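These are the residues of each chain, in order.
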Amino acid sequence: ELCGYEFWRVYSSDLDRAHSTAKHAIQKCKILDHVDDNTVVRLDPRLREFALGAREGKPISLSWNEATALAMKHGEEVPKREFPDDVAKRTKEFLDDLIADAREYIQQKEEEQQHTDKLDPLRV
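Each value, and the rule that gives it
- Residues numbered from 1 in each chain as written.
- Predicted model: local features only at pLDDT ≥ 70, side-chain atom pairs only at ≥ 80, totals over all residues.
- Heavy atoms only, no water.
- Helix = DSSP H or I, 4+ residues; strand = E, 2+ residues; numbered from the N terminus.
- Buried < 20%, exposed > 50% of the residue type's maximum accessible area, 1.4 Å probe, protein only.
- Contact = heavy atoms within 4.5 Å.
- Areas by Shrake-Rupley, 256 points an atom, 1.4 Å probe, with all protein chains shown as cover.
- Expected span 1.5 Å × (residues − 1).
- Salt bridge = Lys/Arg side-chain N within 4 Å of Asp/Glu carboxyl O.
- Polar contact = N/O pair within 3.5 Å; in protein donor to acceptor, adjacent residues only side chain to side chain.
- Arc of directions from axis to C-beta.
- Phe/Tyr/Trp six-rings, centres within 6.5 Å; stacked < 30°, edge-to-face > 60°.
- Lys NZ or Arg CZ within 6 Å of the ring centre and 35° of its normal.

Colleague: Please provide a residue-by-residue account of the overall build of the chain, values included.
Modeller: In terms of helices and strands, the chain carries three helices and two strands. Taken from the N to the C terminus, the helices and strands of the chain come in the order β-α-β-α-α. The buried share among the 124 residues of the chain stands at 21%. Sequence separation of 24 or more characterises 60% of the internal contacts of the chain that already satisfy a separation of 6 or more. For the chain, the accessible surface area stands at approximately 9600 Å², while carbon and sulfur atoms represent 53% of it.

Colleague: Tell me what's going on with helix α3 (residues 84-119), and back it up with residues and numbers.
Modeller: Over its 36 residues, α3 extends 52 Å from the first C-alpha to the last, a length consistent with the 52 Å expected when each residue adds 1.5 Å. Buried within α3 are the following residues: V87, R90, F94 and D101. Where the residues of α3 are buried, they touch β1 (10-12) and β2 (41-43).

Colleague: Tell me about the pattern of salt bridges, and name the residues and values.
Modeller: One pass over the full model with this rule turns up ten salt bridges. Close ionic contact of R42 with D101 constitutes a salt bridge, the shortest N to O distance being 3.3 Å. Of this pair, R42 sits in strand β2 while D101 sits in helix α3, and the two are 59 residues apart along the sequence. The partner of K58 in a salt bridge is E76, and the shortest N-O contact between them spans 3.2 Å. Of this pair, K58 sits in the loop between β2 and α2 (64-73) while E76 sits in the loop between α2 and α3; the two residues are 18 residues apart in sequence, bridging distant segments of the chain. Each of R9, R42 and D101 takes part in salt bridges that share partners, so that together they form one network.

Colleague: Could you give an account of the side chain of D44, naming the residues involved and the relevant values?
Modeller: Summarising the element assignment, D44 is placed in the loop between β2 and α2. Judged by relative accessible area, D44 falls into the buried class, the value being 11%. Polar contacts involving the side chain of D44 include one to the side chain of R46, which spans 2.6 Å. Apart from residues lying up to four places away in sequence, D44 is in contact with S12, S13, D14 and F94.

Colleague: Could you give an account of the environment of E6, naming the residues involved and the relevant values?
Modeller: Mapping E6 onto the fold places it in the segment before β1. Judged by relative accessible area, which is 79%, E6 ranks as exposed. Spatially, the C-alpha atom of E6 lies 9.5 Å from that of K30, the residues being 24 residues apart in sequence.

Colleague: Outline helix α1 (residues 16-29), supporting the account with residue identities and numerical values.
Modeller: For α1, with 14 residues, the first-to-last C-alpha span of 20 Å sits near the 20 Å given by 1.5 Å per residue. Looking only at α1, the buried set comprises H19, A22, A25, I26 and C29. The buried residues of α1 occupy one face: seen down the axis, they fall within an arc of 125°. Counted as exposed and oriented over 90 degrees from the buried face of α1: D16, R17, T21, H24, Q27 and K28. Where α1 is buried, its residues touch β1 and β2. Looking at the residues trailing α1, positive phi occurs at K30, about 50°.

Colleague: Got a sec to walk through the packing of aromatic side chains? Specific residues and values, please.
Modeller: All chains considered together, the criterion is met by one aromatic pair. If you follow R81 out to its NZ or CZ, it ends over the ring of W64, 3.5 Å from the centre.

Interpretation in functional terms is not warranted from these geometric data alone.
What follows is the structure, encoded as structure tokens:
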């Protein structure tokens with residue numbers, strides 16, 4: 001349950017269904033005052049689900065090789081397959097950027113507060 005928590009920004013995969021879900025949650029729970037796709041909902045392909053390559057959408061009983069052979073037999077393009085290290089790397093890169101973004105946001109808020117305190121010394 002997200003309602004009741006305070007958010008400063010929302011991040012989402014760049015896939016339409018994830019973006020739509022993020023916007024719906026923001027509006028339903030009134031997480032933020034407004035939904036601005038450029039600043040509030042940050043779309044990032046690093047948040048996509050694990051890419052299964054040729055097994056994407058195929059029965060789990062098929063091996064990687066069987067799924068690739070089946071796709072090629074039907075003339076389908078075989079999508080890129082990710083390995084756990086690929087997912088870990090892109091997730092770490094996202095989290096590093098998220099931490100930097102949060103630090104920048106906190107610094108900005110602290111500077112705004114210091115400016116407000118200087119304008120109204122009675123608030124301190």
